[in-house]
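For reference, the chains in residue letters:
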Amino acid sequence: QVQLVESGGGLVQAGGSLRLSCAASGRTFSWYAMGWFRQAPGKEREFVAAFNWSGGSTYYADSVKGRFTISRDNARNTMYLQMNSLKPEDTAVYYCAAERYIPDLYYSSSKWHSWGQGTPVTVSS
């Protein structure tokens, strides 16, 4: 498995931006599909964005489409989530996930088996 560590979370005002990072180690990062999920207090973990190992196929939740951008730097073994125009409803703990091949049901957290510890994002109104 690949080990994942998120960073970059914090407190931001509505309309602001944050960039989350997910550093990977343990396996060849470039072979893995990667994704971001988030979990708000009292809610289930929900899909945010994902792409396959090459980045050629990218998926976004409707709630973040046009505001968030997922990217990866294979040379640095790091994935990013650029979050713009943040809203209070984006407040959650954000988790990165990895899987050897992107699951058909990529939006289901149960299909991903490597997870980071999460980084909290709070958007104030």
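Residues numbered from 1 in each chain as written. Predicted model: local features only at pLDDT ≥ 70, side-chain atom pairs only at ≥ 80, totals over all residues. Heavy atoms only, no water.

A. Spotlight on the nonpolar core. By size, the foremost hydrophobic cluster in this structure holds 35 residues, and its most contacted members are M34, W36, M79, L81, M83 and Y94. Contributing elements (two or more residues each) for this core: strand 3 (18-25), strand 4 (33-39), strand 5 (46-51), strand 7 (68-73), strand 8 (78-83), strand 9 (92-99) and strand 11 (119-124). Setting aside its immediate chain neighbours within four residues, M34 contacts L4, C22, F29, A50, F51, I70, R72, M79, A97, A98 and W112. (Core = buried A, V, L, I, M, F, W, Y, C linked by side-chain atoms within 4.5 Å. Buried < 20%, exposed > 50% of the residue type's maximum accessible area, 1.4 Å probe, protein only. Helix = DSSP H or I, 4+ residues; strand = E, 2+ residues; numbered from the N terminus. Contact = heavy atoms within 4.5 Å.)

B. Representation of the packing of aromatic side chains. What the rule picks out here adds up to 7 aromatic pairs. Taken together, a centroid distance of 5.2 Å and an interplanar angle of 65° make the contact between F37 and W115 edge-to-face. Residue F37 is found in strand 4, and its partner W115 is found in strand 10 (residues 114-115); the two are separated by 78 residues along the sequence. You can call F37 buried: its relative accessible area is 0%. For W115, a relative accessible area of 26% gives the class partly exposed. Feature note: the residues F37, F47, Y59, Y95, Y106, Y107, W112 and W115 constitute an aromatic cluster, connected by ring pairs. If you follow R45 out to its NZ or CZ, it ends over the ring of Y95, 3.7 Å from the centre. (Phe/Tyr/Trp six-rings, centres within 6.5 Å; stacked < 30°, edge-to-face > 60°. Lys NZ or Arg CZ within 6 Å of the ring centre and 35° of its normal.)

C. Focus on the pairing of strand 4. Burial analysis of strand 4 places 6 of its 7 residues in the buried class, which makes it a mostly covered element. Where strand 4 meets strand 9, 7 bridges bridge the pair, whose relative direction is antiparallel. Residue pairing across strands places A33 opposite E99, the latter belonging to strand 9. In this sheet, strand 5 lies alongside strand 4 in antiparallel orientation, the contact comprising 5 bridges. Of the residues in strand 5, the one forming a bridge with R38 is E46. The antiparallel pairing of strand 4 with strand 5 creates a hairpin that spans 6 residues between the two strands, and G42 there sits at a positive phi of about 75°. (Pairing = 2+ DSSP bridges.)

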